[in-house]
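Each chain, letter by letter, is given below.
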Amino acid sequence: MSRPFDVTVIEEKWQARWLDDGTYEVDNDDPRERFYALCMYPYPSGAAHQGHVRNYVFGDLVVRYQTMLGKAVLSPYGFDSFGLPAENAAIKAGSHPRLFTEARMHELKTSVRRLGAVYDWRREVYSHDPEYIRWSQTIFLAFLEAGLAYRAEAQVNWCPGCKTVLANEQVLADGTCERSGDLVMRRLLEQWFFKITDYAEELLTSLDDLEWPERVKTMQRNWIGRSEGVEFDLPLTYDPSKALRVFTTRPDTGFGVTYAVVAPEHPMLALLTTDNERLRVEEIVARATSISEIERTSSSSEGVAAEKRGAFTGSYVTNPFTSERVPVYVADYVLGNYGTGAIMAVPGEDERDYEFAKVHGLPVVRTVQPPEGFDGDVYTGDGPHINSGFLDGLNVTEAKAKAAEYLLSHANGVAKVNYRLRDWLVSRQRFWGCPIPVVYCDDDGIVPVPNEQLPVLAPDDVTMDQTGQSPLATHEGFLYTTCPKCGKRARRETDTMDTFTDSSWYYLRFADPFTPDKAFDPAQAAKWMPVNQYIGGIEHAILHLMYARFYLKALNDVGLATGLPREPFQRLFTQGMIRLSGSKMSKSKGNLVTPEAFYGTVGADGLRLFHLFAGPPGDDLDWTDQTLDVIDGCGRFIDRFYRLWNHYDVNFHDVEDESDFAVRQAAHRTIARVTHDFERWSYNTAVAAIMELLNTVSKAARSEHGIAPSTLEESLDIMAKLLAPMTPHITAELWEERHPDQPSVHLLSWPVADPALVAEAEVTMVVQVNGKVKARVLVAPSISDDDATAAALADADIAAALNGATPTRVVARPPRLVNIIL
RNA sequence: GCCCGGAUGGCGGAAUCGGCAGACGCGGAGGCCUCAAAAGCCUUUACUCGAGAGGGUGUGUGGGUUCGAGUCCCACUCCGGGCACCA
């Protein structure tokens, strides 16, 4: 498309200007009201794609808009620069991940600048910066000292092909390794954990006060998975001094317990297993621990080898409700790391127990009377209890309370809250991450690396080969060191931290990136925290956002964030994904439409306007055949604005008259609309409002009657200001041409609508007869019910529609509507 | 299976508090300008009956509440997402 101006020259001029002038640099002692706007820490995967563009267009609009509102806006940028893709690329190319990463960082930085997004680049941070590593390690050691970091054995994802542990995200939905395609195994390994479960309750309850999308909050609530129940003892029949401890949320179904189950990992399993049953039990345990998680969890749905999923242990326990003995089974459908790792099984009221009972021929007792007509096998709803002794007749809620009370006094029962949330496994057997700063000494055990020896950096002279093992584990210079306590030879930890640790505190370093002697000065960070507006993709709804919340709470508790809020992100906006013919647009799918394709035609401004206009920011965006036409339309709009600005085809009259008043009203009402739309994240309607205004002003200016110069100038200035956060380049350029004596449009105040012009002298009131619109009359906005009714009945069209009939009722809702009922 | 979210013209979408359904844009149709084209500008565009004036229908389906429902309530269908043996 041909443009009436040189888009590339203008855009590059202003991008250089903003950067060189430090227009969006902001100091911590800035006296203005503060606003912290932040887009999620990006992984540097190369030049920006449309997903990035969408993210940064919204972010940049917030930054520029809040600046025009007179605030000191913190807008930092940095890179989540550790991670697997760089490591894999380096292995493939036989080079160092740093080279690959820094090249990608450069590309991404160049392309966000080309988009016109503005940042305080002095504050740039990136995860693999030795300084950043130092503070990441300091935080780890503070957690270690506080007992929030600990080492334990854990079942992890093990890829036999790569001979390494994988993160959950690296395991595909079918249970195979994303890289080698091997079936991922479970393995018991010593790993580092963060005690996020200590914060389960706070992470859950403080969600309530966050201005986050309900969807994200719900996902986090589900992930935390709070459930209230009772933990109690099932005494062993052959030795009642010993007991199997179980957790249940349905103590009311206790009379229906016909067996008990322990997880294959349960510590009492050996004790429970009798010689006769040992072989079969060991089979179950071997299978459960060696097969993939997917295989273990999917076999029930497919009914594959159902009888192999569990076996009788040979022992019995006593049901405290009935005093009857029930068999104890081992089964893989009970998890070792939730609750007590053992359950009471109630096949009458639990689907999973029923499935198992059916296969193993165990009795089913129903304890809740299902409603009439219920024909299922398992009833989990409410109803009066039956077959339940002292609980008979009670509903579920009543019976739960009474049964819990009974267990408290008869079975060492205790009310208990369990969470689905697990501790955060942070060890990664990877090279391209932040090294975990501890050493292992034969005499002193786990010894933290002392502060003055930080950061612990991975050596550069490594060969990234295809063995799949981290080169740290075999690099003798790195591996062997001296124990900080006793001075003897000791081994370094060769695992690195999950990269989610880096993105859990970067927003704090952004607030105070210059402090040389600590991760951040809480007093400085407190000036900006919490982030006023956080913007990112819905795909981080659980992991990143949960981890970052945990970090700030933990940093508070270990004394590194004293005086800071406990929640990092007050408002969150999650933008929709870009889809191309139904699937997510991504580099790996090779279906990218790069932003570069548009810079020479509609420019960054046109592309930005498209992303704002295309639909609600939170909705997914379908990239279709029509999309290119819409993008052209956005460029066309900018051209029309440019031409009107330059008085192309405009007729003038000298003195302002009624037509000018109408134009001015439209302009001021648009200020009100756009401002309101910005506040409620409705950018598509804000763009539509400005388009409407341009149509109105153009029409007036091109009419034979023409427009007063003062009216045109006022309207154009208003439009330029309203457009400034959306299409920053062209508005800056035009403003400079017209107002060379003034500061840049971006440094001016956001326009305020004149209330006198927003107010309406007359409004259109709809008159209906039996709910159908029959006439429209002009009335004063403040008209009374009676006057509105009178005005409606006086209308000629209404008189005709009534045709002499007498209304049975008139509903007057002035000034919008009067409805006459016959 | 459970939990969220959604369904409006040919398309993306608008309707903020229960009150004119379809703003704005894309696409289409017709026209102006031009030797011609591109660009630009103007008109028109939910469906349907009608030459027209005008009428009827219409927000996934079926009910309900109300003077009035895209909006609220009940039941359902389809689509998208999250979680998925968490006892």
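Quick look at the structure, then. Predicted, not measured: the structure shown is a model, and the values here were computed from it. (Residues numbered from 1 in each chain as written. Chains lettered and ligands numbered in written order. Predicted model: local features only at pLDDT ≥ 70, side-chain atom pairs only at ≥ 80, totals over all residues. Heavy atoms only, no water.)

## Side note on the overall build of chain A
Helix and strand counts for chain A come out as 26 helices and 31 strands. If you line up chain A on its principal axes, its C-alpha atoms span 105 × 85 × 50 Å. In chain A, buried positions account for 54% of the 822 residues. Partitioning the contacts of chain A with sequence separation of at least 6, the portion at a separation of at least 24 is 73%. By element, 50% of the accessible surface of chain A is carried by carbon and sulfur atoms, the whole surface being about 35,200 Å². Distance from the positive charge centre (81 side chains) to the negative charge centre (114 side chains) of chain A: 2 Å. (Helix = DSSP H or I, 4+ residues; strand = E, 2+ residues; numbered from the N terminus. Buried < 20%, exposed > 50% of the residue type's maximum accessible area, 1.4 Å probe, protein only. Contact = heavy atoms within 4.5 Å. Areas by Shrake-Rupley, 256 points an atom, 1.4 Å probe, with all protein chains shown as cover. Lys, Arg positive; Asp, Glu negative; His and termini not counted. Charge placed at Lys NZ, Arg CZ, Asp CG, Glu CD.)

## A short note on the sheet that holds strand β16 (residues 427–428)
Judged by pairing direction, the sheet is antiparallel, and its 3 strands sit side by side in the order β16-β22-β17 without closing on themselves. Both outer strands of the open sheet, β16 and β17 (434–435), are each paired with one neighbouring strand and no more. (Pairing = 2+ DSSP bridges.)

## Quick look at the protein's contact with RNA strand B
Around RNA strand B, the structure places 51 residues, and the nearest of them are Ser227, Thr249, Arg309, Arg352 and His676. Backbone sugar and phosphate groups make up 59% of those atoms of RNA strand B lying within 4 Å of the protein. The side chain of Arg776 places a nitrogen or oxygen atom 2.7 Å from a base oxygen of RNA strand B. Here Arg813 contributes a side-chain N or O atom positioned 3.1 Å from a base oxygen of RNA strand B. The element contributing the most residues to the surface near RNA strand B is helix α21 (residues 683–702), with 8 residues. (Near = heavy atom within 4 Å. Polar contact = N/O pair within 3.5 Å; in protein donor to acceptor, adjacent residues only side chain to side chain.)

## Regarding the pairing of strand β1 (residues 34–39)
Of all the 6 residues making up β1, 5 are buried; the element is thus mostly covered by neighbouring parts of the structure. Bridge count for β1 against strand β2 (residues 72–74) is 3 bridges, and the pairing is parallel. Following the sheet pairing, Tyr36 is matched in β2 by Leu74. Read from β1 through helix α2 (residues 50–68) to β2, the crossover connection turns out right-handed. (Right-handed = clockwise from strand over helix to strand, strands pointing away.)

## Let's talk about the nonpolar core
The biggest cluster of nonpolar side chains holds 89 residues, and the ones touching the most others in it are Phe641, Leu644, Phe678, Met719 and Met726. Broken down by element, the residue count for this core peaks at 11 residues, all from α21. If we skip the residues at most four places from it in the chain, Leu644 touches Val650, Leu694, Val697, Ser698, Ala701, Leu712, Leu716 and Met719. Core analysis: the second largest hydrophobic core is formed by 86 residues, Tyr41, Ala200, Leu555 and Leu564 among them. (Core = buried A, V, L, I, M, F, W, Y, C linked by side-chain atoms within 4.5 Å.)

## With respect to the pairing of strand β12 (residues 325–331)
Most of β12 sits inside the fold, with 6 of its 7 residues counted as buried. Here strand β10 (residues 259–262) pairs with β12 via 3 bridges, running parallel. Bridge assignment links Val261 to a residue of β12, and that residue is Tyr329. With 6 bridges connecting them, strand β11 (residues 310–318) and β12 associate as antiparallel partners. Bridge pairing in β12 links Tyr316 to Pro327.

## Concerning helix α12 (residues 396–410)
In an α-helix, one turn spans 3.6 residues, which is why side chains three or four residues apart end up on the same side. Between its first and last C-alpha, α12 extends 20 Å over 15 residues, near the 21 Å set by a 1.5 Å rise per residue. Within α12, the full set of buried residues consists of Val396, Ala399, Ala403, Ala404, Tyr406 and Leu407. Mapping the buried residues of α12 onto a view down its axis gives an arc of 160 degrees, with all of them on the same face. Relative to its buried face, α12 has exposed residues pointing more than 90 degrees away, namely Thr397, Glu405 and Ser409. N-capping of α12 is provided by Asn395, with a side-chain oxygen placed 3.1 Å from the backbone N of Thr397. One or two residues past the end of α12 sits Asn412, with phi positive at roughly 50 degrees. (Expected span 1.5 Å × (residues − 1). Arc of directions from axis to C-beta.)

## Brief notes about a negative patch on the surface
Residues Glu351, Glu355, Asp375 and Asp377 make up a contiguous surface patch of negative charge. Looking at the secondary structure, you find Glu355 in helix α11 (residues 351–360). Judged by relative accessible area, which is 41%, Glu355 ranks as partly exposed. (Patch = residues over 30% accessible without salt bridge, like charges linked within 9 Å, V, L, I, M, F, W, Y side chains within 5 Å. Salt bridge = Lys/Arg side-chain N within 4 Å of Asp/Glu carboxyl O.)

## A short note on the packing of helix α18 (residues 603–613) against helix α23 (residues 728–738)
At their nearest, the axes of α18 and α23 sit 7 Å apart, and the two run at 125 degrees to each other. The orientation of α18 with respect to α23, classified from their angle, is oblique. Only Pro728, His729 and Ile730 of α23 make contact with α18, whose side of the interface consists of Ala604, Asp605 and Arg608. Here the contact of α18 with α23 is built from residues that sort into 3 nonpolar, 1 polar and 2 charged. (Axes fitted to C-alpha atoms, helices over the stretch in contact; angles between N-to-C directions. Parallel < 35°, antiparallel > 145°, perpendicular 65-115°, else oblique. Nonpolar A, V, L, I, M, F, W, Y, C, P; charged D, E, K, R; others polar.)

## Comments concerning the side chain of His653
Tracing the chain through its elements places His653 in the loop between α19 (627–645) and α20 (658–679). Classification of His653 as buried rests on a relative accessible area of 12%. Here the side chain of His653 touches His705 through a polar contact of 2.8 Å, landing on its backbone oxygen. Within polar-contact distance, the side chain of His653 engages the backbone nitrogen of Ala708 at 3.3 Å. What His653 contacts, discounting residues up to four positions off in sequence, is Ser659, Asp660, His705, Gly706, Ile707, Ala708 and Pro709.

## Considering the packing of α20 against helix α22 (residues 709–723)
Here α20 crosses α22 at 10 degrees, and the two axes come no closer than 10 Å. Taken together, the axes of α20 and α22 are roughly parallel relative to one another. Contacts between α20 and α22 pair Asp660, Val663, Arg664, Ala667, His668, Thr670, Ile671, Val674 and Phe678 from the former with Thr711, Glu714, Ser715, Ile718 and Leu722 from the latter. Among the residues making up the contact of α20 with α22, the classes are represented as 7 nonpolar, 4 polar and 3 charged.

## Some remarks on the pattern of salt bridges
Here the structure, examined in full by the defined rule, presents 47 salt bridges. The salt bridge partner of Arg134 is Glu131, with a shortest N-O separation of 3.2 Å. Highlighted residues: Arg134 and Glu131, both in helix α5 (residues 130–145), separated by 3 residues, approximately one helical turn. Given the relative accessible area of 31%, Glu131 is considered partly exposed. Between Asp498 and Arg428 there is a salt bridge, with the nearest N and O atoms lying 3.1 Å from each other. Of this pair, Asp498 sits in the loop between β22 (496–497) and α14 (506–511) while Arg428 sits in strand β16, and the two are 70 residues apart along the sequence. A single network of salt bridges, built from pairs that share partners, joins Glu202, Arg549, Lys553, Asp557, Arg566 and Glu567.

## Concerning α11
Restricting attention to buried positions, one finds in α11 the residues Asp353, Tyr354, Phe356 and Ala357. Burial along α11 is one-sided: seen end-on, the buried residues are contained in an arc of 165 degrees. Facing away from the buried surface of α11 by more than 90 degrees, the exposed residues are Arg352 and Lys358. Those residues of α11 that are buried are in contact with β10, β11, β12 and β13 (342–345). Once α11 finishes, Gly361 follows within two positions and takes phi at roughly 65 degrees, a positive value.

## With respect to the sheet that holds strand β28 (residues 763–769)
Backbone hydrogen bonds are what pair the strands of a sheet, in a parallel or an antiparallel way. If you walk across this open sheet you meet the 4 strands as β29-β28-β31-β30, and the pairing is mixed. If you trace the sheet from one side to the other, it starts and ends with β29 (772–779) and β30 (809–813), each paired once. Averaged over all neighbouring strand pairs, the angle between strand axes comes to 15 degrees, with direction disregarded. Pairing geometry for β30 and strand β31 (residues 817–821), over 5 bridges, is antiparallel. Of the residues in β31, the one forming a bridge with Val810 is Ile820. Against the sheet, helix α25 (residues 785–794) touches β28, β29, β30 and β31, its axis set at about 65 degrees to β31.

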